[in-house]
Amino acid sequence: MKVLKFGGSSLADAQSMLQVADIIGQERNNTLVVLSAIANTTNELQLFCTSQTSTTTESILESIARYHAKLAAELGLSNDSLLKQKLDFVFQQMQELKAKPELGDSDIAVILSAGEYLSCYLLLALLQKQGMSVAMIDSKDYIVAEGATLDSRAELTRSMRKWQEAAPTFSHINLAPGFIAATQSGDACLLGRNGSDYSAALFSYLTDAQACEIWTDVSGIHAADPRIVENAKLMPSMTYQEAMELAHHGAKVLHPKTIFPLQLKSIPLRIKNTFAPADSGTLIQPLHHGQDSIKGVSYQPDICLLNVSGAYLRNSYGSAARIFETLAAKHISIILISQSSSEYSICFAIRNSECKRALHILNSEFENEIRQGQLNPIQVDKSRAIVSLVGQGLKNRKGVAYKFLQAISHGNINIEAIAQGSSESSISVVIKGEQAKQACQLVYAEFFNRRQRLDLFIIGCGNVGQELIRQVYAQQSFLQDKNIALRICLVANSKRYVSCKDGLLESDWQTGLQQSSNTLSKEILSQLLASGDYINPTLVDCTCSEKVSEQYADYIEMGFNLVTANKKANSGPYSYYQQLKMLAHQKFRKYLYETNVGAGLPVLKTIDSLITSGDAIHRVEGILSGSLSFILGQMEEGKSFSEAVLETKSLGFTEPDPRDDLGGMDVARKLLILAREVGAQYELSDIVIEGLLPSDFNLNGSTEEFMQRLPQVDHYFAELFARAKSNNETLKYIACFNDNKLEVSLQSVSQDNPLYSVKNGENAIAIYSHYYSPIPLVLKGYGAGAKVTAAGLFADVLQNIPHREQEISS
Ligand code: ADP
Ligand code: ASP
Ligand code: MG
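Asker: Help me get a handle on the overall build of the protein, residues and values and all.
Answerer: A count of helices and strands for the protein gives 32 helices and 30 strands. In terms of C-alpha radius of gyration, the protein reaches 36 Å, well past the compact-globule figure of 28 Å for 810 residues. C-alpha atoms of the protein, sized along the principal axes, occupy 115 × 65 × 55 Å. Evaluated residue by residue, the protein yields a buried proportion of 54% over its 810 residues. Partitioning the contacts of the protein with sequence separation of at least 6, the portion at a separation of at least 24 is 73%.

Okay, here's the thing in structure tokens:
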């Protein structure tokens, strides 16, 4: 004997029913086929039970009847009068029950299981029409169950006795409605929602089946619910224990009670796809063949977390037992328990729907203790979810739990309770319900996906922003080869933004942005993140806006990693700079700003490495302005000051108004950031800034007016250069951090200074430290321009991709 079970999703329409008939037709030996109700019928029947008005009641019943009649017609069964009689009987019985003044649980069981009978009658007629030898048995006659009427548990010994007494004679194919059973006294009861899987396992047990197959709409058990994780990996095999844990922790593909009866007789279970019967599915059997591994991540929604705390728990024996016994006596099932080692608090998870009742029960049981202050008022957190990682690999591999928790915290998700299954084949956390899907995606990515994803939100699309976008698209195929999916999900300027959760297309983003009429705000970013659609969300600030930089703390709080070319935050008040770094650390986010100094040159990284490895930096000297370096270079080659500024400006190497460069403020900001990275607490006001121009030069008026006045100082600069040259020196605009002194100024440097030869827009930084002394460590190269700045940002962005390890599932 073999037992097959077809779920509601396999019976949704005539085409699917024919497919089911086809699969059954392939069976050569005696087969028992357990059927669910046609998809969604049980939900409608549930509404039927609870509906208060006769119009709703009628219309629900009519809609179910109409659908079944339509199916019968499409299957060519319209003239089957026996079928019609059977269907009518079911509807009549439901109407009669609904007319009762009050529905008992057993009446509800009859109504809710009607869908299973309807689908059995339809398939029976179809198989008979196809000429198969087929009969139907009533599961109520064989499966005896106890416990809550609508969520009962089979009594195996009694069921077996009944089965043996009745000794049913078998046809080739035998249909049985799933979900339904009877109590010892013969009243109808249910095996719990989704319980037809359990029915199939029970019939397998009763018939000593050689195999049980559950046919559904997916090709087996995947490492995550395929509705949540696209292309989730299919698991070819797993142990009973693993399947049970996955099902228990919410993988809807299997009812949690299914495994137990199969396990008792070592009956193998296969999950198969009705719509892809050739796929081999997932085989679930007693022992593992092959490596222990991680099998999947699943989640249970609609959970409530209760926290009982107080001195009573520490001071009395059996206090925990009393809590759980009280709840068990009232049939409240506890899904997860976590107790603090101080024994001062116990928190446990139950279903949301049972929360009010549980609270009431506990409050009355512990009324005295609460009144006397020995227990605190019971704390309740509703709308939680349990996310679990399952696999026997948890037992033998080190660091799995750590990776699991880390993956979740990378999503900025707060973990409220942790529990490890006693079998050590699962570990679970309780988190806010709305974050469960994202948590599953993150955990899946951590354990099963060698492909890493990072979603970019780019603010500012001037020269640097556009260049970064260009580089990201240009690098796509290289990144894909490295298993990295880097998607640009949002681009914004100060007026509009365009976003797409699946990543913007290179060909679309510009038009999308032009056509958009929406301005980006903090609230919109927060809503986007809350949707849970984004993985490793990383915000890149390509603006130089102070307004944007003032929101960095909010962005990090929301859960963004932050990469910025904008110097405003790090060169603002020291307290804000420090706050951002601390916040990023606390929230497990990255805050990266390598391009703040020297564009793409690895300046801050180098300083960090030196300090971390124990070196002491006492002086940093640098040419930190590409524009000033270019202007001075031109003058060294013989151009006058005004010619050099004009040329540099016309090449686009200065700010639109060259006064922004010539004044030295930009360089001062960079120096401040450098000094802070070295570890000193400076403010911008601590820096002595000497602009390039003499202090009495008139800086007023428009850019043009200012530019026209420049020849007035040509002579002054020519003289300065001549004097420097006569000493074998040259002029450089230098930022210097020397012990406690911070200064930016024009200086005459000798040929032995490493900065002497820096020109043509290059930046250079000489770091003098304990190890690098007297010859400094020098970094030199282009330190400005959209290309190198964007490349620096790109490098920072890629740092947000977590370090990948080999896939650890089998
Ligand atoms: P049936 O109607 O056949 O009983 P269900 O809807 O009860 O089908 O169960 C199948 C569904 O379970 C799949 O469509 C899938 O969305 C969901 N599911 C949840 N977790 C998993 C998982 N880990 N692997 C496969 N399917 C899963
Ligand atoms: N029809 C029932 C339900 O929807 C049982 C099942 O499908 O397994 O819960
Ligand atoms: Mg199901």
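Asker: Would you mind going over the sheet that holds strand β27 (residues 729-738) in detail, with residue names and values included?
Answerer: Either a parallel or an antiparallel arrangement is found when strands of a sheet pair, and the pairing is made through backbone hydrogen bonds. Strand order across the open sheet formed by 6 strands is β26-β28-β27-β25-β29-β30, with mixed pairing between neighbours. For this open sheet the edge positions go to β26 (688-689) and β30 (777-782), each flanked by a neighbour on one side alone. As paired strands, strand β29 (residues 762-769) and β30 are joined by 6 bridges and run antiparallel to one another. Bridging across to β30, A766 finds its partner in V778.

Asker: Summarise the sheet that holds strand β10 (residues 237-239); cite the residues concerned and give the values.
Answerer: In space, the 8 strands of this open sheet follow the order β3-β6-β2-β1-β9-β11-β12-β10, with mixed pairing throughout. Of all the strands in the sheet, just β3 (134-136) and β10 have a single pairing partner and so form its edges. Adjacent strand axes in the sheet meet at a mean angle of 20°, parallel and antiparallel pairs treated alike. The strands that helix α9 (residues 240-248) touches are β10 and β12 (282-285); relative to β10, the one it contacts most, it runs at about 90°.

Asker: Could you give me a rundown of the packing of helix α5 (residues 105-112) against helix α6 (residues 114-129), with the residues and numbers involved?
Answerer: Contact pair α5 / α6: the axes reach a minimum separation of 4 Å and the direction vectors enclose 30°. Taken as axis vectors, α5 and α6 run roughly parallel relative to one another. Between α5 and α6, the residues in contact are V110, I111 and L112 and A114, G115 and E116, respectively. Split into classes, the residues belonging to the contact of α5 with α6 amount to 4 nonpolar, 1 polar and 1 charged.

Asker: How would you sum up the site of ligand 1? Please name residues and give values.
Answerer: Within the structure, ligand 1 sits among 19 residues, and T216, D217, H222, R227 and K252 are positioned closest to it. Contact distances for ligand 1 include 2.8 Å between an oxygen atom and a side-chain N or O atom of R227. Contact with the protein chains hides 93% of the accessible area of ligand 1, taken as 570 Å² for the molecule alone. Considered class by class, the residues forming the shell around ligand 1 number 7 nonpolar, 7 polar and 5 charged.

Asker: Please give an account of the nonpolar core that cites residues and values.
Answerer: Counting 80 residues, the largest nonpolar core has F457, Y555 and F641 as the members making the most contacts within it. In terms of residue count, helix α29 (residues 665-678) provides more of this core than any other element does, 8 residues in total. Residues in contact with F641, not counting those within four places in the same chain, are I631, M635, L662, L692, L693, L710, V713, D714 and F717. Within the second largest apolar cluster, 70 residues are counted, among which are C189, I408, V429 and A436.

Asker: I'd like to hear about the side chain of D107, residue by residue, with values.
Answerer: Here D107 shows up in helix α5. Filtering out sequence-adjacent residues up to four positions away, D107 remains in contact with L97, K100 and E102.

Asker: How would you explain helix α16 (residues 400-409) if you had to name every residue and give the values?
Answerer: Along an α-helix, a turn takes 3.6 residues, which lines up residues three or four apart on a common side. Every buried residue of α16 is accounted for by V400, K403, F404, A407, I408 and S409. If you follow the buried residues of α16, they end up packed against β16 (379-390), α15 (393-396), β18 (426-432) and α17 (436-448).

Asker: Describe unusual backbone geometry, listing the residues and the values that go with them.
Answerer: Residues other than glycine predominantly adopt negative phi, and peptide bonds predominantly adopt the trans conformation. The linkage connecting S773 with the following residue, P774, adopts the cis geometry, with an omega of 5°. Mapped onto the fold, P774 is located in the loop between β29 and β30. You will see that D302, though not glycine, has its phi angle at about 55°, which is positive. Tracing the chain through its elements places D302 in strand β13 (residues 296-309). A positive phi is found at D739, a non-glycine position, where the angle reads about 45°. As for its position among the elements, D739 is in the loop between β27 and β28 (741-750).

Asker: Can you break down α9 residue by residue, with the values?
Answerer: All buried positions along α9 are accounted for by Y240, E242, A243, E245, L246 and A247. The secondary structure elements touched by the buried residues of α9 are β10, α10 (259-264), β12, β13, β16 and β18.

Asker: Before we move on, can you summarise the pairing of strand β6 (residues 173-177) with the specific residues and values?
Answerer: Judged by how many residues are buried, β6 sits mostly within the fold: 5 of 5 residues are covered. Pairing analysis gives 5 bridges linking strand β2 (residues 31-35) to β6, with the strands arranged parallel. Bridging across to β6, V33 finds its partner in L175. In the sheet, β3 pairs with β6 via 3 bridges, with the strands oriented parallel. Each bridged residue has a counterpart across the sheet, and for M136 the counterpart in β6 is L175.

Asker: How would you sum up the pattern of salt bridges? Please name residues and give values.
Answerer: On inspection of all chains with the given rule, the structure shows 36 salt bridges. Here D88 makes a salt bridge to K84, at a shortest N to O gap of 3.0 Å. Taken together, the residues span about one helical turn, with D88 and K84 both in helix α4 (residues 81-98) at a distance of 4 residues. Linking K522 and D554 is a salt bridge whose minimum nitrogen-to-oxygen distance equals 3.2 Å. Here the residue K522 occupies a position in helix α21 (residues 522-530), and D554 occupies one in helix α23 (residues 552-558), the gap between them amounting to 32 residues. Linked by salt bridges that have partners in common, K2, E27 and E213 make up one network.

Asker: Got a sec to walk through the site of ligand 2? Specific residues and values, please.
Answerer: The environment of ligand 2 is made up of S36, A37, T42, E116, F179, R193, N194, G195 and S196. Here an oxygen atom of ligand 2 sits 2.6 Å away from a polar atom, N or O, in the side chain of R193.

Asker: Provide a residue-level description of the environment of I484, including the pertinent values.
Answerer: Mapped onto the elements of the fold, I484 is located in strand β20 (residues 484-492). Overall, I484 belongs to the buried group, its relative accessible area being 15%. Setting aside its immediate chain neighbours within four residues, I484 contacts Q452, L479 and I801.

Asker: Can you tell me about the packing of aromatic side chains, naming the residues and giving the values?
Answerer: Enumeration over the complete set of coordinates arrives at 20 aromatic pairs. Measuring from centroid to centroid gives 6.0 Å for F697 and F706, while their planes differ by 90°, and the two rings are edge-to-face. With respect to class, F697 is no different from F706; both count as buried. Look at Y716 and F717: their rings are 5.1 Å apart centre to centre, the planes differ by 75°, and that puts the pair in the edge-to-face class. Given the relative accessible area of 35%, Y716 is considered partly exposed. Judged by relative accessible area, which is 1%, F717 ranks as buried. Of the aromatic side chains, those joined through ring pairs into one cluster are F457, Y534, Y552, Y555, F560, Y591 and Y593. Taking NZ or CZ as reference, K98 lies 5.9 Å from the ring centre of F48, over its face. Taking the ring centre of Y768 as reference, the NZ or CZ of R619 above it sits at 4.3 Å.

Asker: Tell me about the pairing of β27, and name the residues and values.
Answerer: Counting buried residues in β27 gives 8 out of 10 residues, a clear majority hidden from the surface. Here 4 bridges tie strand β25 (residues 617-623) to β27, and the two strands are oriented antiparallel to one another. Residue E621 lies in a different strand from β27, and its bridge partner there is C736. In this structure, β27 lies alongside β28, joined through 10 bridges in antiparallel fashion. Bridge pairing in β28 places K732 opposite Q747. Counted along the chain from β27 to the antiparallel partner β28, the turn is 2 residues long, and its residue D739 has a positive phi close to 45°.

Basis of the calculations
- Residues numbered from 1 in each chain as written.
- Chains lettered and ligands numbered in written order.
- Predicted model: local features only at pLDDT ≥ 70, side-chain atom pairs only at ≥ 80, totals over all residues.
- Heavy atoms only, no water.
- Helix = DSSP H or I, 4+ residues; strand = E, 2+ residues; numbered from the N terminus.
- Rg over C-alpha atoms; globule rule 2.2 N^0.38 Å.
- Buried < 20%, exposed > 50% of the residue type's maximum accessible area, 1.4 Å probe, protein only.
- Contact = heavy atoms within 4.5 Å.
- Pairing = 2+ DSSP bridges.
- Axes fitted to C-alpha atoms, helices over the stretch in contact; angles between N-to-C directions.
- Parallel < 35°, antiparallel > 145°, perpendicular 65-115°, else oblique.
- Nonpolar A, V, L, I, M, F, W, Y, C, P; charged D, E, K, R; others polar.
- Near = heavy atom within 4 Å.
- Polar contact = N/O pair within 3.5 Å; in protein donor to acceptor, adjacent residues only side chain to side chain.
- Areas by Shrake-Rupley, 256 points an atom, 1.4 Å probe, with all protein chains shown as cover.
- Core = buried A, V, L, I, M, F, W, Y, C linked by side-chain atoms within 4.5 Å.
- Salt bridge = Lys/Arg side-chain N within 4 Å of Asp/Glu carboxyl O.
- Phe/Tyr/Trp six-rings, centres within 6.5 Å; stacked < 30°, edge-to-face > 60°.
- Lys NZ or Arg CZ within 6 Å of the ring centre and 35° of its normal.

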